[in-house]
Each structure stands twice: as C-alpha cells, then as structure tokens.
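A closer look at the structure
If you want the building blocks of each chain, they are given just below.
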Amino acid sequence: MATKTREHVLVRIEPPAARITLNRPEKRNALSLALMDELIGVLDEVGANQEVRAIVIEGAGPAFSAGHDLGEMVGRDAAFYERLFDVCTVMMETIHRVPQPVIAKVHGIATAAGCQLVAACDLAVAADGTRFATPGVKIGLFCSTPMVPVSRAVGRKRALELLLTGEPIDAETACEWGLVNRVVPADGLEDEVAGLIAKVARSSPLTVRIGKQAFYEQIELDEHGAYELTRDVMAANAQIGDAQEGMGAFLEKRPPTWSGR
C-alpha cells in the first residue's frame, strides 16, 4: 500500500483501488480552492495508474463534505469567484474523464458542492443517517453548479425541491431518488464499497474505460444520436482483444484472461 499526504487530500493506492480522502475534517471537508486543485491533480495521477481499477472518494472526520468553503468566499473579487467555480467544474468533469469508475463513499453530510460531488461520481454508497442538501438558497447563493449533476441524477421535480427549499433529505430518500446507489449501516459501509470495487475489477479495464466514456457521451444526446454513437463504439469494442477473449471464454465456460488490449 502506498500512501501520499498532501495538504488537503490523502491518497492511498491499494490495488485494485485508489482511496482519496478529503482531509479537512475540522471544516467538514469544505471544498476550498486549494483542495479542489489538489483533487484534480490526484484524480489525473491515479487515473493514469494501470493498477488502479476503481477510485474511491471519501471524507475524513464526521462528514463527507459540507460544500464550498464560505470562509474564503466573502468579500472577494469577480476573478476569484470565476476561478473558484471554473476549478470546481474542472474537478467534476475530471471525475467523468478518468477511465476508472469513481465511487463516493458517503457519511455524515453531503451538502451544496459536497452533494454535487456525490452526484458527479459514477457510483455512490451512503451510510444510514447521511443527509444530503443543496441549501444555498437559504443564504442567498443558489446552488446553480450543484444542480447540474444533481438534476441529472434525480430528475427535475426532485432536484427543484432540493434547490428551491434547501431542505435536506435522508439517505433512504437519496437512494429512492437515484442520488446514491445504496444505503447500508455505517459499520457496513466499507464492506459495501469493497464489494463494488471487486465487481468492477473483475472486468476488463479497457472495456470499462470504453463503456464509461461512451455513457457520458451518449447520455445527453437524443435517442437517434445516442444509437449512432453507441453503434460505432460497440462495433469497435467487439474487435478488441479483450472482447474476443471474453466472448471466447464465455463460450468455452472458462474464466477470461484480460490483456488490456
């Protein structure tokens, strides 16, 4: 196991996974500009590691993340705000760009940009008792960037309820709405995440990369455009070595051996 400590983020490489911990527990892991810059760099780094088959994002201390760091947002100029939300956008888009599935391991609270981070991750598992909210409307700062992935995860009416009221929902509601994949007791959170990692890691990493990229490319297209895209992707996918190996292994009733080609 390799562990790297940065100022605001901890990184542990535990093949087949990389564990990224938001490490500002005294601030409920608020997403400061410095933390988000670090997280982008870490995602790029572990995304390029061929031993890493899944990436887990979690929070140190009592919370996953309380969102942007309001303490650094008061009395700043336009250039600061533009940079802050630009970096936030890059961070969220990087989660979709890295080839491995990114799993949010959520406990405590995930609010505002913290809720956005959960919604942006490919998969999410929450501990029972976790609360989710986009409360910016209550302080005069509407959660406009969080609504991008949140609305895509839960749909219009549910997203607008979160955004317009600012009221939190519990983990069970978040699961019912599609914000997280599943809810488990707090003492079972790690086992559930480890199970997801194992399920992801048993597939060809090249196939997973192809599929994840195609998912985000097709999801906003109309039906015809999505079929045109995925038809070409699947035809190309069928020709790669891992697809031929996987189909052959299935027919021969044996475990596949992935080459990553």
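See the structure printed just above.
Since the model is a prediction, treat every value here as computed from it, not as a measurement.

Criteria and thresholds
Chains are numbered independently. Their residues run from 1 in the order of the written sequence. Reporting in this predicted model follows two pLDDT cut-offs: at least 70 for local features of residues, and 80 or more for side-chain atom pairs to be given and counted; totals over whole chains, interfaces and linings ignore these cut-offs and use all residues. Side-chain measures were taken over the full set of non-hydrogen atoms in the model, leaving aside hydrogen atoms and water. Think of it this way: any DSSP run of H or I at least four residues long counts as a helix, any run of E at least two long counts as a strand, and we number them from the N terminus. We compute the radius of gyration from the C-alpha atoms alone; for a globule the expected value is 2.2 Å times N to the 0.38, where N is the number of residues. A simple rule labels every residue: compare its accessible area, found with a 1.4 Å probe on the protein chains alone, to the largest value its type can have, and call it buried under 20%, exposed over 50%, or partly exposed in between. The contact criterion used throughout is that any non-hydrogen atoms of two residues lie within 4.5 Å. Computed by Shrake-Rupley with a 1.4 Å probe, the accessible areas treat only the displayed protein chains as cover when residues are assessed. Whenever a carboxyl oxygen of Asp or Glu lies within 4 Å of a side-chain nitrogen of Lys or Arg, that contact is scored as a salt bridge. Nonpolar cores are built from buried Ala, Val, Leu, Ile, Met, Phe, Trp, Tyr and Cys residues. Side-chain atoms within 4.5 Å join them into one set.

Secondary structure assignment for the protein yields 10 helices and 10 strands. Relative to its length of 261 residues, the protein is compact, with a C-alpha radius of gyration of 19 Å against a globular reference of 18 Å. Expressed as a percentage of its 261 residues, the buried residues of the protein come to 45%. The long-range share in the protein, meaning contacts at least 24 apart out of those at least 6 apart in sequence, stands at 66%. Carbon together with sulfur atoms contributes 55% to the accessible area of the protein, which is approximately 13,000 Å² in total.

What follows covers the pattern of salt bridges. Proximity of charged atoms lets side chains of opposite charge pair with each other. Under the defined criterion, the tally for this structure stands at 17 salt bridges. Among the salt bridges present, the one from Asp 122 reaches Lys 212, with a minimum N-O distance of 2.8 Å. Of this pair, Asp 122 sits in the loop between α3 (113-120) and β7 (123-127) while Lys 212 sits in helix α8 (residues 205-218); the two residues are 90 residues apart in sequence, bridging distant segments of the chain. Residue classification places Lys 212 among the buried positions, given a relative accessible area of 9%. Linking Arg 152 and Glu 220 is a salt bridge whose minimum nitrogen-to-oxygen distance equals 3.2 Å. Of the two residues, Arg 152 is situated in helix α4 (residues 147-154) and Glu 220 in the loop between α8 and α9 (223-239); the sequence distance between them amounts to 68 residues. Take Glu 220: its relative accessible area is 51%, and that puts it in the exposed class. Taken together, the salt bridges that share partners define one network made up of Arg 12, Glu 14, Arg 19, Glu 58, Lys 105 and Glu 190.

Soluble, globular proteins show a tendency: their nonpolar side chains are buried together. One finds Ile 20, Ile 57, Val 118 and Phe 132 to be the most contacted residues of the largest nonpolar core, which totals 55 residues. Sort the elements by how many residues they give to this core and helix α1 (residues 33-47) lands first, with eight residues. Ile 57 has contacts with Ile 20, Leu 22, Leu 43, Phe 64, Ile 95, Val 102, Ile 103, Ala 104, Lys 105, Leu 117 and Cys 121, leaving out every residue within four places of it along the chain. Counting 12 residues, the second largest nonpolar core, distinct from the first, contains Val 125, Leu 189, Ile 197 and Val 200.

Read these as geometric descriptors, not functional statements.
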